[in-house]
Amino acid sequence: MCDDRSVDSSIDAALVSATQSGDSDAFAVLVGPLQRELHAYCYRMLGSVHDADDALQDTLVRAWRAFGRFEFRGSVRPWLYRIATNRCLSILDQRGRRALPVDLDRSVGSDAQIDWLEPYPADRLDPGQRLVARESIELAFVAAVQRLTGTQRAVLLLREVLGFTSREVADQLDTTVAAVNSGLQRARAALDPALPAATQRVTTRQMGEAAVLELARRYAQAWEAADIDTIVSMLTNDARYSMPPVPTWFVGRQEIRDFLLSGPLACGWRFVTTEANGQLAFGTYRWDSAAAAYRPGGLDVLTLRRDGIAEVVSFLEADFAAHGLPPSLPA
């Protein structure tokens, strides 16, 4: 019987040969299946969908231009990740890390210049990616990764999320296996304390699909009815609420209650259930009397625990179109 891996390798070898002869269609076929995972990797490294777009585009352009020097050893994947990693590290050298408001000191002023973490659209994820890769797109993980140095991010993601060997990572980073293993230990030591006890995938599986759908229905209905008591009752005691790019954030039921009553709940709202970063999310729409329609208010990404909603991050400048959300809702 034929070995599927041998067949795939033979096909890739033919595509590599054609690409090195200048066949752009062969190049597109060769790299096409890897583009989603490459984009997700760049997002984890950079914390920005837009920066990931640029990094992926640069990676493909550089790969095409350098393909004549590529030495095929069974797969083009490690080589593409080497290029993508170098591009991401160059971008990180040019700016500071991205963050969420809760990652910052609460005294940060409203005029502070901060690069904010961006939400990741559900349809950008590769459905075939293994479980650990999908869990590592969740907000808590991506935010924690931003605290690492660029090299530590690359080592952690390449080894533990993407499954490359220490030898492969060492080759990609032009370093030694010992340095990779040491970097992974340091990255893990810095990352682990910042991560929740359970991922959102584990939590929602434990809750069950029906319970998550019911929670989503109740939460949206409570906002649309301006029912502050129900909204607050659905929060955990230590819940957090933030709205990047506004650096202010609120913690605990009472603080969140006071904030919502101070302004947001005076508006009329409509909520559309969606998903971002592998988590329950809502496209929120605020009534605009001048337009006689509901206009985008923010993309709210929720973090759930068994005892309620532990965090709401309302991305006020989210690209609704990128998340498959309509530009407005009728009255």
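Above this text sits the structure in question.
Residues numbered from 1 in each chain as written. Predicted model: local features only at pLDDT ≥ 70, side-chain atom pairs only at ≥ 80, totals over all residues. Heavy atoms only, no water.

S.K.: I'd love a proper account of the environment of Leu148, names of residues and values included.
M.R.: Structurally, the position occupied by Leu148 is in the loop between helix H7 (139-145) and helix H8 (150-161). Assessed through its relative accessible area of 5%, Leu148 is described here as buried. In the structure, Leu148 is positioned 19 residues away from Gln129 in sequence and 24 Å away in space, judged by C-alpha atoms. (Helix = DSSP H or I, 4+ residues; strand = E, 2+ residues; numbered from the N terminus. Buried < 20%, exposed > 50% of the residue type's maximum accessible area, 1.4 Å probe, protein only.)

S.K.: Let's hear about the nonpolar core: which residues, and what values?
M.R.: Counting 75 residues, the largest nonpolar core has Tyr41, Met45 and Trp79 as the members making the most contacts within it. Top element by residues in this core is helix H5 (residues 77-93). It accounts for nine residues. Once residues within four sequence positions are removed from consideration, Met45 is found in contact with Cys88, Leu89, Leu92, Gln146, Gly150, Arg153, Ala154 and Leu157. Ranked by size, the runner-up nonpolar core spans 29 residues in total, among them Leu215, Ala222, Ile228 and Ile309. (Core = buried A, V, L, I, M, F, W, Y, C linked by side-chain atoms within 4.5 Å. Contact = heavy atoms within 4.5 Å.)

S.K.: How would you explain the pairing of strand E2 (residues 246-251) if you had to name every residue and give the values?
M.R.: Bridge count between strand E1 (residues 235-243) and E2: four bridges; the pairing is antiparallel. Residue pairing for E2: Ser242 is matched across the bridge by Trp249. The hairpin formed by E1 and E2 contains two residues between the paired strands. (Pairing = 2+ DSSP bridges.)

S.K.: Account for the environment of Val132, naming residues and giving values.
M.R.: Looking at the element boundaries, Val132 is found in helix H6 (residues 131-135). Setting aside anything within four residues of it in sequence, one finds Val132 in contact with Glu160 and Val161.

S.K.: An account of the packing of aromatic side chains is needed here, citing residue identities and associated values.
M.R.: Within the structure shown, the criterion is met by 19 aromatic pairs. With 5.4 Å between their ring centres and 25 degrees between their planes, Trp223 and Phe271 make a pair best called stacked. With a gap of 48 residues between them, Trp223 in helix H12 (residues 209-224) and Phe271 in strand E3 (residues 269-276) connect regions that are remote in the sequence. A relative accessible area of 9% places Phe271 in the buried class. Three or more aromatic residues joined by ring pairs make a cluster, and in this case those are Phe27, Trp64, Phe67, Phe70, Phe72 and Trp79. (Phe/Tyr/Trp six-rings, centres within 6.5 Å; stacked < 30°, edge-to-face > 60°.)

S.K.: Describe the pattern of salt bridges, naming the residues involved and giving the relevant values.
M.R.: A side chain of one charge can pair with a side chain of the opposite charge when the charged atoms of the two come close. Counting across every chain of the model gives 16 salt bridges. Ionic pairing is found between Glu71 and Arg73, a salt bridge with its closest N-O pair at 2.9 Å. Overall, the relative accessible area of 70% leaves Arg73 in the exposed class. When the shortest N-O distance is used, the salt bridge between Asp238 and Arg305 registers 2.9 Å. With Asp238 in strand E1 and Arg305 in strand E5 (residues 293-305), this pair connects stretches of sequence that are 67 residues apart. Judged by its relative accessible area of 42%, Asp238 is partly exposed. Sharing partners across several salt bridges, the network here consists of Asp51, Arg95 and Arg98. (Salt bridge = Lys/Arg side-chain N within 4 Å of Asp/Glu carboxyl O.)

S.K.: I'd like a rundown of the state of the cysteines, residues and numbers included.
M.R.: Tallied over the full model, the rule gives zero disulfides. The closest cysteine sulfur to the non-disulfide-bonded Cys42 is located on Cys88, 3.7 Å from its own sulfur. We classify Cys42 as buried; its relative accessible area is 0%. (Disulfide = S-S within 2.5 Å.)

S.K.: Can you lay out helix H3 (residues 35-46) for me, pointing to particular residues and giving the numbers?
M.R.: Between its first and last C-alpha atoms H3 spans 16 Å; for 12 residues at 1.5 Å apiece the expected length is 16 Å, and the two agree. Taken across its 12 residues, H3 has 10 buried, putting it largely inside the fold. Considered for burial, the residues of H3 that qualify are Glu37, Leu38, His39, Ala40, Tyr41, Cys42, Tyr43, Arg44, Met45 and Leu46. In the stretch just after H3, Gly47 is the one whose phi turns positive, near 70 degrees. (Expected span 1.5 Å × (residues − 1).)

S.K.: Explain the layout of surface pockets residue by residue, including any values.
M.R.: Volume-wise, the largest pocket comes out at about 470 Å³. In this structure, the largest pocket is lined by 23 residues; those nearest its centre are Ala140, Pro196, Arg240, Thr303 and Glu311. For the lining of the largest pocket, the elements supplying multiple residues, two or more each, are H7, helix H11 (200-207), E1, E5 and strand E6 (308-315). (1 Å grid on protein atoms, 1.4 Å probe; cavity = no way out; pocket = protein on both sides within 12 Å on 5 of 7 lines; lining within 4 Å. Points joined across faces, edges and corners; volume = space filled by probe spheres on them.)

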